[in-house]
Amino acid sequence: QKEVEQNSGPLSVPEGAIASLNCTYSDRGSQSFFWYRQYSGKSPELIMFIYSNGDKEDGRFTAQLNKASQYVSLLIRDSQPSDSATYLCAVYTSGTYKYIFGTGTRLKVLA
Amino acid sequence: DTGVSQDPRHKITKRGQNVTFRCDPISEHNRLYWYRQTLGQGPEFLTYFQNEAQLEKSRLLSDRFSAERPKGSFSTLEIQRTEQGDSAMYLCASPGQGSGNTIYFGEGSWLTVV
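Predicted, not measured: the structure shown is a model, and the values here were computed from it.

Draft legend 1. Representation of the overall build of chain B. From N to C terminus, chain B includes 0 helices and 11 strands. In summary, chain B has a C-alpha radius of gyration of 13 Å against a globular reference of 13 Å for 114 residues, a match within 12%. Along the longest, intermediate and shortest principal axes, the C-alpha atoms of chain B span 40 × 25 × 20 Å. Burial analysis of chain B (114 residues in total) assigns 46% to the buried set.

The structure is reproduced here in structure tokens:
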């Protein structure tokens, strides 16, 4: 079992729709969870982080965390073609000081 | 601009040559990470430093790879006797001034071994 799992996609949504990206992790000791956006040929860019169970909203983005289910998700409201990118989920465990990344989900927003 | 600088941005080298990448992290932060990313994959952990001490190395880091962080400031990642399988983007990251556990990546160094 991979430590951080994501569906590779592509996930295609029409412009203006809600895109829902999911991530599961295996280490119950994980404490911090991150979403990065990566455009083709570029480095990952931090979008959001979440530490506590529940929802965290920032503009059009909402991160959701359920530690009991070991599940993290990212919702993108009013999706725009410029949101088309690969979204990476990352998990941090303080005891290891390491950040483990999933393989990413490719999102395509269709105009 | 995340404040993490990497150099060079692109490097094409012949198989068997040595290459070195440099990372200048966000100042005042003592942790620095190196990751490698190949096409279609997420970043893979290579190693990290706390100040000048290299605290962990991934088993991905063969004997041909070495990393240093003299004086706890910039870091270098050297690959000796490069192989075609080393072709990847090498990413450096360091914590930012936001929440203590966030890390920010530099623009990456693309390596192509021909």
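Draft legend 2. The layout of surface pockets, seen in detail. The computed volume of the largest pocket comes to approximately 550 Å³. What lines the largest pocket is a set of 20 residues, among which E3(A), I100(A), E44(B), F45(B) and L60(B) lie closest to the centre. For the lining of the largest pocket, the secondary structure elements donating two or more residues are strand 10 (98-101) of chain A together with strand 5 (44-50) and strand 6 (53-57) of chain B. Among the elements that make up the lining of the largest pocket, the one with the highest residue count is strand 10 of chain A (4 residues). Class assignment of the residues belonging to the lining of the largest pocket gives a composition of 8 nonpolar, 5 polar and 7 charged. For the second largest pocket, the calculated volume is near 430 Å³. In this structure, the second largest pocket is lined by 22 residues; those nearest its centre are Q38(A), T86(A), Q37(B), L39(B) and G40(B). Per-element accounting of the lining of the second largest pocket gives the leading share, 3 residues, to strand 9 (residues 85-93) of chain A. Among the residues forming the lining of the second largest pocket, the class breakdown is 6 nonpolar, 14 polar and 2 charged.

Draft legend 3. Molecular detail of the interface of chain A and chain B. Of the residues lining the interface, 20 residues belong to chain A; the matching set on chain B comes to 23 residues. Note on chain A versus chain B: buried area summed over both sides is about 1700 Å², and carbon and sulfur give 55% of it. At the boundary of chain A with chain B, the tally comes to 1 salt bridge. In this structure, K98(A) and E56(B) form a salt bridge, with 3.1 Å as the shortest nitrogen-oxygen distance. Broken down by secondary-structure element, the contributors of at least two residues to the side of chain A that touches chain B are strand 4 (32-38), strand 5 (45-50), strand 9 and strand 10 of chain A. Considered class by class, the residues forming the side of chain A that touches chain B number 11 nonpolar, 7 polar and 2 charged.

Draft legend 4. Examining the nonpolar core more closely. One finds W35(A), V72(A), L74(A), I76(A) and Y87(A) to be the most contacted residues of the largest nonpolar core, which totals 23 residues. Elements with a contribution of two residues or more to this core: strand 3 (19-25), strand 4, strand 5, strand 7 (61-66), strand 8 (71-76), strand 9 and strand 11 (105-110) of chain A. Counting 19 residues, the second largest nonpolar core, distinct from the first, contains V4(B), F21(B), W34(B) and A88(B).

Draft legend 5. Structural context of the pattern of salt bridges. Evaluated as defined, the whole model comprises 8 salt bridges over all chains. Bridged by salt links that share partners, the residues R64(B), E83(B) and D86(B) form one connected network.

Cut-off values and rules
Residues numbered from 1 in each chain as written. Chains lettered and ligands numbered in written order. Predicted model: local features only at pLDDT ≥ 70, side-chain atom pairs only at ≥ 80, totals over all residues. Heavy atoms only, no water. Helix = DSSP H or I, 4+ residues; strand = E, 2+ residues; numbered from the N terminus. Rg over C-alpha atoms; globule rule 2.2 N^0.38 Å. Buried < 20%, exposed > 50% of the residue type's maximum accessible area, 1.4 Å probe, protein only. 1 Å grid on protein atoms, 1.4 Å probe; cavity = no way out; pocket = protein on both sides within 12 Å on 5 of 7 lines; lining within 4 Å. Points joined across faces, edges and corners; volume = space filled by probe spheres on them. Nonpolar A, V, L, I, M, F, W, Y, C, P; charged D, E, K, R; others polar. Contact = heavy atoms within 4.5 Å. Buried area = accessible area lost by both parts, 1.4 Å probe. Salt bridge = Lys/Arg side-chain N within 4 Å of Asp/Glu carboxyl O. Core = buried A, V, L, I, M, F, W, Y, C linked by side-chain atoms within 4.5 Å.

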